[in-house]
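Here are the chains, one letter per residue:
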Amino acid sequence: MAVERTYLMVKPDGVQRGLCGEIVSRFEKKGLKLVAAKFTAISKATAESHYGEHKGKKFYDSLISYMTSGPVLAMVWEGDGAVAVCRGIMGKTNPQESAPGTIRGDFGMVTGMNLIHGSDSPESAAREISLFFRPEELMAYGRSADAWIYE
Ligand code: DAT
Ligand code: MG
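Everything quoted here is computed from the prediction, not taken from an experiment.

Q: Just checking my understanding: could you explain the sheet that holds strand β2 (residues 33-40) for this structure?
A: Strand-to-strand pairing in sheets goes through backbone hydrogen bonds, with the strands running parallel or antiparallel. With respect to topology, four strands assemble into an open sheet ordered β2-β3-β1-β4, the strand pairing being antiparallel. Every other strand in the sheet has two partners, leaving β2 and β4 (116-118) as the edge strands with one partner each. The sheet shows a mean angle of 20 degrees between the axes of neighbouring strands, taken without regard to direction. By the bridge criterion, seven bridges tie β2 to strand β3 (residues 72-80) in an arrangement that is antiparallel.

Pasting the structure below:
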């Protein structure tokens, strides 16, 4: 098993549309384990750091204003291959290209309002988790259901 952690965030449109519960439940039902969660508003500086790789692109300014337009639900999830598993549950960046059954495929219409962020690699996950959470906010706990999720 390759146990990984990934950073997921319900974006402001997901919060405004009342989809936090729906989105969280998809990761829970899959068998992923919640390690940390925080309902918070992110500063411009944090948004710029989080999306630093996109600085200079034509959508960057609107991305930063979107991400700071309202509260987000910041989370850390853990599981075998969690980074790729969660990206699959989210769907593609453009909701119109995302398969039905994915979060973006089921609930989104445009790339600029695509409901959820998820880390794209274990390295990005480590960077993003440390941007949004202090180490002591990550919960270490046993979960009895794991015996019925993993062989
Ligand atoms: P993802 O969120 O799937 O990892 P990304 O890292 O390429 O996608 O881009 C980060 C976010 O930036 C994306 O969720 C929405 C926004 N974005 C990306 N490409 C865009 C585009 N062409 N037009 C508008 N927004 C875009
Ligand atoms: Mg990305």
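Q: Looking at this structure, I do not really get the site of ligand 1. What am I missing?
A: Every residue near ligand 1 is listed here: Lys 11, Tyr 51, His 54, Phe 59, Leu 63, Arg 87, Thr 93, Arg 104, Thr 111 and Asn 114. His 54 is positioned such that a nitrogen or oxygen atom in its side chain is 3.0 Å from an oxygen atom of ligand 1. Arg 87 places a polar side-chain atom, nitrogen or oxygen, 2.8 Å from an oxygen atom of ligand 1. In terms of residue class, the shell around ligand 1 is made up of three nonpolar, four polar and three charged.

Q: Could you clarify how one ought to interpret the pairing of strand β1 (residues 3-10) in this entry?
A: Regular strands place their side chains on alternate faces of the sheet. Along β1, six of the eight residues are buried, which leaves the element largely enclosed by surrounding structure. Where β1 meets β4, three bridges bridge the pair, whose relative direction is antiparallel. Bridge assignment links Met 9 to a residue of β4, and that residue is His 117.

What counts and how
- Residues numbered from 1 in each chain as written.
- Chains lettered and ligands numbered in written order.
- Predicted model: local features only at pLDDT ≥ 70, side-chain atom pairs only at ≥ 80, totals over all residues.
- Heavy atoms only, no water.
- Pairing = 2+ DSSP bridges.
- Helix = DSSP H or I, 4+ residues; strand = E, 2+ residues; numbered from the N terminus.
- Axes fitted to C-alpha atoms, helices over the stretch in contact; angles between N-to-C directions.
- Near = heavy atom within 4 Å.
- Polar contact = N/O pair within 3.5 Å; in protein donor to acceptor, adjacent residues only side chain to side chain.
- Nonpolar A, V, L, I, M, F, W, Y, C, P; charged D, E, K, R; others polar.
- Buried < 20%, exposed > 50% of the residue type's maximum accessible area, 1.4 Å probe, protein only.

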